[in-house]
Amino acid sequence: AHYNEGWEPVTLQSLYEYCIQHPTKQVAYIHNKGSYHPTEENDKVRHFLMKGIVSQECLHMPTKCSVCSSRFSPIPHPHTPGNMW
């Protein structure tokens, strides 16, 4: 489908459906974090998140892992701050 305006839930729903249909495939969720509000800090965060996603550790993560990111936090719930994984 085509949407004139996008938001994360639309993309994540499509990604979820792909994962359900292809449970053995690896996927990455990458987006332009902070680019609509250009600041040096947003650039640093975006580069940090991208560096993790394309790292050798994430590209070749152990099969016992189900997510990889530059940062993972268990508090207040398990999540990847910056939402790139």
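Structure's up top.
Bear in mind the structure is a predicted one, so any value in this text is a computation, not a measurement.

Caption draft 1: The arrangement of the state of the cysteines in detail. Under the defined criterion, the tally for this structure stands at 1 disulfide. One disulfide bridge connects cysteine 58 with cysteine 68, the sulfur atoms lying 1.9 Å from each other. Sign of the S-S torsion, about -80° for the bond between cysteine 58 and cysteine 68, identifies this disulfide as left-handed. Of this pair, cysteine 58 sits in helix H3 (residues 56-59) while cysteine 68 sits in the segment after H3; the two residues are 10 residues apart in sequence, bridging distant segments of the chain. Taking relative accessible area as the criterion, cysteine 68 reaches 19% and is therefore assigned buried.

Caption draft 2: View of the layout of surface pockets. Of the voids in this model, the largest pocket is the one considered here, and its volume is about 470 Å³. What lines the largest pocket is a set of 20 residues, among which Lys25, Gln26, Val27, Met61 and Ser66 lie closest to the centre. Its residues assigned to classes, the lining of the largest pocket shows 14 nonpolar, 5 polar and 1 charged.

About the cut-offs
Residues numbered from 1 in each chain as written. Predicted model: local features only at pLDDT ≥ 70, side-chain atom pairs only at ≥ 80, totals over all residues. Heavy atoms only, no water. Disulfide = S-S within 2.5 Å. Helix = DSSP H or I, 4+ residues; strand = E, 2+ residues; numbered from the N terminus. Buried < 20%, exposed > 50% of the residue type's maximum accessible area, 1.4 Å probe, protein only. 1 Å grid on protein atoms, 1.4 Å probe; cavity = no way out; pocket = protein on both sides within 12 Å on 5 of 7 lines; lining within 4 Å. Points joined across faces, edges and corners; volume = space filled by probe spheres on them. Nonpolar A, V, L, I, M, F, W, Y, C, P; charged D, E, K, R; others polar.

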